[in-house]
Amino acid sequence: MQDFIEINFGPQHPSTHGVLRLKAKLDGEIVKEIEPVIGYLHRNAEKLCEMTFYADNLVYFDRMDYVASMLMESGYLEAAEKILNIVPPERVLWIRVIMNELSRIASHLVWAGAFGLDLGMLTPFFYCFAERDKVLEVFTEICGSRQETNYMSIGGVYQDITPGIVDHIEAFLESFPKRLEEIYKIFVGNDVFISRNKGIGVMSREVAIDYGVTGPMLRASGVNYDVRKAEPYLVYDKLNFEVPVSYKGDNLARFLVRFEEMRQSVHILKQAIRKIPDGPFFNPKAKKSMMIRLRGDGEYYARTESSKGEFGVYIVADGGVKPYRVHVRSPTFKNLSVVQELAKDQMIADMVAILGSVDLVFGEVDR
Amino acid sequence: MSLYSTLLGFFSFLGYPLSNAAAYLFESIFLLLAASLSLVFMIYLFRKYMARVQLRIGPNRVGKFGLLQLIADVFKLVQKESLFPKNRDDLPYRIAPVMVIIGLMLAFAVIPYGSFFYFGSLTVSDTGVSVILLFAILSIMPIGEVLAGISSRNKYALLGALRAVAKDISFEIPMMISVLAIIMMASARTSAPLSIDSIVVTEVLPYGILQPIGISVFLVAMIARASYSPFDMGESDSELITGFSTEYSGMRFGMFYAGLFGSILLGSFVVSLFYLGGFNGPFSGDLGAVWLGIKALILVIISFTVWLSMPRIRIDKFVNFGWKYLLPLAMINLVISGALTLMTGW
Amino acid sequence: MTADDSGQPNRGKDGRTIFNVDRDKLLEFMKGMKEKGYDHLSLITGVDRKDFIEVVYHLHAVERNEYVVVKTTTNNGVVPSVTSLWSSAKWEEREQYDLMGIKFEGHENLKRIFLPESWVGHPLRKDYDLGNVQYINMDSDGEDYATFDEGDGW
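All of these numbers come straight from a predicted model, not from anything done at the bench.

1. Observations regarding the sheet that holds strand β3 (residues 30-37) of chain A
All names here are of chain A.
Part 1 of the reasoning: Here we have four strands laid out as an open sheet, ordered β1-β2-β3-β9, and antiparallel in their pairing. With one partner strand each, in any of the chains shown, β1 (5-9) and β9 (346-347) form the two edges of the open sheet.
Part 2 of the reasoning: Summarising the sheet, β1 and strand β2 (residues 21-27) pair through five bridges and their orientation is antiparallel. If you follow Glu6 over to β2, its bridge partner there is Lys25.

Dropping the structure here:
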């Protein structure tokens, strides 16, 4: 007969990244069993999407992964444009790639900062956010908003990127890699950080695939799977980049994979900024006055690689001006489900670190 | 000449018993004021320093350069309602923060501060056994923390208290053994090796130079004693919310907060007294207190830098570290200093 | 669109292979797919077609990078659970039960995942009454119950 301390982590707890609640059973310091309880931020965006025009639905996607809203927008548009039979011009695809990669950098920086906080490192959080702010300044310049950008629209983007903005992005690309390496050294140069992460929360390749884990977490477990390579969308097939893979599967591997992804994003951005062609920045078929009259048909499932993993949008249309059914495959929803497997028989401190390494954004988990 | 005798002379018009009482009273008031003010200054310094490290500005609204921010914060904390948990164990719950503060203030009374111009020695109470007294007082604070953790009847607080106990016993012994080495070396030259004052006065070289292992062990122990990052497992905010002080609010929380900064200041004083020569320095007859202050300030800044740059160590790793590394190191230090004393007579 | 009972593939607008499988043969078919190397169950979703519910499974073979879609239909909202084959189905099926009201037979822990336990109705159903505003309250024992407000709704 063994008694456990039952403890309730969250939904108001400093390390649950928003509104996650964990029902944990503790044996002293050891976590015997946890059960995540989610839904505190549930808005049922899927139902809301059924009630709104195709063009307006974009705002609900902005608010899903609110630290990387550009990735959400382009994920939705991948599906919506196919449903509406609207082909965006070539220039738009390049602009979207640039915005996606900037957003990915911004998202990973938030993750790195918050992961440091989970481990008790106060300072790198601010370094990460100072860099992220430079990305957000680009977003502000391009659409007037920092977080929920609502920049892309059906058949194009809201506003063309001017030479000034290109210069701004180039200045960022100039300064960012150096700062990134500094931040990287703050983390990896610290022995305590390494000892807190090496060999903690090891996820085997089989468990990862079984639980449907995608994104950096899957790649840290030794699976070379990136939707940008597996099923190229936008113009990712014309860009030269590598998919970082680690075979360790622990927290440190996830950390390293994410940092390498940021470096690859810089690499992609440098190419994309150079290659971006001239042309219109929206398809005239989808000009603003026509937007609510667009009718879709058929059903389409689009996969994109968001900063958290494989982000899928499944739209079923019935020929009306509103979608018949929208389903979102949220990567963090699945990445979170594996935590109860990873955190078993770990210490409380490690459970927090594992939870931090998942990269949770509750707008997306709960939708 | 000391602060006490200066005050005694000042109050001599009251007649003997009264002047004695008045001198003690005012000495205590001075001590409390000085300790509280230096705590406030330390918290201000920490916030400014942290802000600079983190590319921020820090407090800058209340008063010039935000100097009055901490006073405003103290008033805010005093005004705040204290929330009491329903199932608390009432008496221990109430006295726990007070014990932390009392332990802190008592420890400030034992430290010799050196002399300062007209006032002479600023030491409040100079007993012959101040080393023992100091470490006895220092172990009052953890009792307050443990009481707080157990009496709030909160699982987070309980876990925090358990961690605090596990941490305390694993650094306490190495700390005492490294102090033992100092007492051993000092006893070769002074007849009162248990008085911090005479240890510092009679030293030939600062003990930090003679015992490099000792100062490292003692510094780590002092960081763990103050329990800030990397050894803040007891109140680790991302795991246990704030550990044993989870259920405290208002000024009761403020006392724990003051206890944390007070321990840093105290630790810096103690390390600089034992290992860095304390109030020794040029013109130490007049400027002794200033030398001690400068040394302590440097140590405080070093502590803040450690605090801001380290992640938290896991509790089991720290306990391992305490028993498997700190304790043997302290023992080795003891042997080396014993040999050094025998050979050189220092 | 009705289900082919033959399990013959056809192609959707997104160019992915779609298998329409009968509900009774679903578990057997899925077992076969798992043995063929489709080790990643990417998504389970339901589409309320008013007179029947279509359940969609997206399977992915990570090694070969092959992607197929399996569809089945149900009239009474009951389909067999695939949790025995893929662990990722645990939460996906709970989500579909919660929002769409599909009951997965054989799921060991089929309860609501987003909404409170006492929520009435399944919001993604087309016949869900949005005019009926629900509030979830908690009684003194910590059990929650729903109250209704005949407000303007949506």
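2. Topic: the domain arrangement of chain B
Residue and element names in this part refer to chain B.
Part 1 of the reasoning: Partitioning chain B into structural domains gives domain 1 (1-79) and domain 2 (83-344).
Part 2 of the reasoning: Placing a centre on the C-alpha atoms of domain 1 and another on those of domain 2 gives a separation of 20 Å.
Part 3 of the reasoning: Tallying the contact residues gives 23 residues for domain 1 and 28 residues for domain 2.
Part 4 of the reasoning: Carbon and sulfur atoms supply 83% of the area buried between domain 1 and domain 2, which totals about 2,200 Å² over both sides.
Part 5 of the reasoning: Linking domain 1 to domain 2 there are zero salt bridges.
Part 6 of the reasoning: One can count two residue pairs in polar contact (both at pLDDT 80 or more) joining domain 1 with domain 2.

3. Structural notes on the interface of chain A and chain C
Part 1 of the reasoning: Taken together, the contact pairs 45 residues of chain A with 46 residues of chain C.
Part 2 of the reasoning: Carbon and sulfur atoms supply 54% of the area that chain A and chain C bury against each other, a total of about 3,800 Å² over both sides.
Part 3 of the reasoning: There are eight salt bridges connecting chain A and chain C.
Part 4 of the reasoning: Seen at the junction of chain A and chain C, the total is 24 residue pairs in polar contact (both at pLDDT 80 or more).
Part 5 of the reasoning: Split by residue class, the side of chain A that touches chain C holds 18 nonpolar, ten polar and 17 charged.

4. A word on helix α6 (residues 163-188) of chain A
All names here are of chain A.
Part 1 of the reasoning: Over its 26 residues, α6 runs 37 Å from end to end, which matches the ideal 38 Å to within 8%, given 1.5 Å per residue.
Part 2 of the reasoning: If you check which residues of α6 are buried, you get Ile165, Val166, Ile169, Phe172, Leu173, Phe176, Leu180, Ile183 and Phe187.
Part 3 of the reasoning: Next to the buried residues of α6 lie α4 (90-118), α5 (123-143), α7 (191-197) and α11 (251-275).

5. Quick notes on the interface of chain A and chain B
Part 1 of the reasoning: Across the boundary between the two partners, chain A contributes 34 residues, which contact 24 residues of chain B.
Part 2 of the reasoning: Interface of chain A and chain B: buried area, both sides summed, is about 2,500 Å²; carbon and sulfur atoms make up 61% of it.
Part 3 of the reasoning: Here chain A and chain B share two salt bridges between them.
Part 4 of the reasoning: B:Arg163 is the salt-bridge partner of A:Glu29, the closest N and O atoms lying 2.6 Å from each other.
Part 5 of the reasoning: Joining chain A to chain B, the criterion identifies ten residue pairs in polar contact (both at pLDDT 80 or more).
Part 6 of the reasoning: Listed by contribution, the elements that provide at least two residues to the side of chain A that touches chain B are β1, α4, α5, α7 and α14 (348-358) of chain A.
Part 7 of the reasoning: When residues in the side of chain A that touches chain B are grouped by element, the largest group, five residues, is from β1(A).
Part 8 of the reasoning: Looking at side-chain class alone, the side of chain A that touches chain B contains 19 nonpolar, nine polar and six charged residues.

6. Thoughts on the pairing of strand β8 (residues 325-329) of chain A
Residues and elements named next belong to chain A.
Part 1 of the reasoning: By the criterion of burial, β8 is predominantly enclosed, with five of the five residues buried.
Part 2 of the reasoning: Inspection of the sheet shows strand β7 (residues 310-316) paired to β8 by five bridges, in the antiparallel sense. The residue of β8 that forms the bridge with Val313 is Val328.

Criteria and thresholds
- Residues numbered from 1 in each chain as written.
- Chains lettered and ligands numbered in written order.
- Predicted model: local features only at pLDDT ≥ 70, side-chain atom pairs only at ≥ 80, totals over all residues.
- Heavy atoms only, no water.
- Pairing = 2+ DSSP bridges.
- Helix = DSSP H or I, 4+ residues; strand = E, 2+ residues; numbered from the N terminus.
- Domains from an automatic or database assignment.
- Contact = heavy atoms within 4.5 Å.
- Buried area = accessible area lost by both parts, 1.4 Å probe.
- Salt bridge = Lys/Arg side-chain N within 4 Å of Asp/Glu carboxyl O.
- Polar contact = N/O pair within 3.5 Å; in protein donor to acceptor, adjacent residues only side chain to side chain.
- Nonpolar A, V, L, I, M, F, W, Y, C, P; charged D, E, K, R; others polar.
- Expected span 1.5 Å × (residues − 1).
- Buried < 20%, exposed > 50% of the residue type's maximum accessible area, 1.4 Å probe, protein only.

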